[in-house]
Amino acid sequence: QVQLVESGGGLVQAGGSLRLSCTSSGRTFSNYAMGWFRQAAGKEREFVATISWSGGGTTYYADSVKGRFTISRVNAKNTIHLQMNGLKPEDTAVYYCAKNRGRFASGIANSYDYWGQGTQVTVSS
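Model, not experiment: these values are computed from the prediction.

What counts, and at which threshold
Residues numbered from 1 in each chain as written. Predicted model: local features only at pLDDT ≥ 70, side-chain atom pairs only at ≥ 80, totals over all residues. Heavy atoms only, no water. Pairing = 2+ DSSP bridges. Helix = DSSP H or I, 4+ residues; strand = E, 2+ residues; numbered from the N terminus. Axes fitted to C-alpha atoms, helices over the stretch in contact; angles between N-to-C directions. Buried < 20%, exposed > 50% of the residue type's maximum accessible area, 1.4 Å probe, protein only.

Peer 1: Could you clarify how one ought to interpret the sheet that holds strand 3 (residues 18-24) in this entry?
Peer 2: Pairing between sheet strands relies on hydrogen bonds along the backbone, with the strands arranged either parallel or antiparallel. An order of 1-3-8-7 is seen for the four strands of this open sheet, with the pairing classed as antiparallel. What marks the edges here is a single partner per strand, and that holds for strand 1 (4-7) and strand 7 (69-74). Ignoring strand direction, the axes of neighbouring strands in this sheet form an average angle of 15°. Judged from the four bridges that link them, strand 1 and strand 3 form a sheet pairing that is antiparallel. For leucine 4, the partnering residue across the bridge sits in strand 3 and is serine 24.

Here it is in structure tokens:
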């Protein structure tokens, strides 16, 4: 069983920055790709960013966040981060961390088998 715990959400003004963190309890954290998804009120969950296993280093981003968000991982701490800069009101959502079933970065939600409880990000205009 893997537990994922997100932190770092909050309220920020448009143009500001936040850094989300997600820590995993899994012993083989470095072997798996990880991802961030988000769900705004009344909308479906959507892909934000993903990073491959520790031996890969591949990252992918949703077009809506490309150039503003950066995903990274610190395997020694079983942690991934999402650095969010240039935040916009449309970035307001609950952000979820997820562990992939395999090694390769993916934007497909069904390829992830464990999810965190989510952290709220609110961007005011």
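Peer 1: Is there a simple way to think about the pairing of strand 9 (residues 93-100) in this case?
Peer 2: The side chains of a regular strand alternate, residue by residue, between the two faces of the sheet. Burial within strand 9 is extensive, with seven of its eight residues counted as buried. Here strand 9 pairs with strand 11 (residues 119-124) via three bridges, running antiparallel. Bridge pairing in strand 11 places valine 94 opposite glutamine 120. By the bridge criterion, three bridges tie strand 9 to strand 10 (residues 112-115) in an arrangement that is antiparallel. Directly across from lysine 99, in strand 10, lies its bridge partner tyrosine 114.

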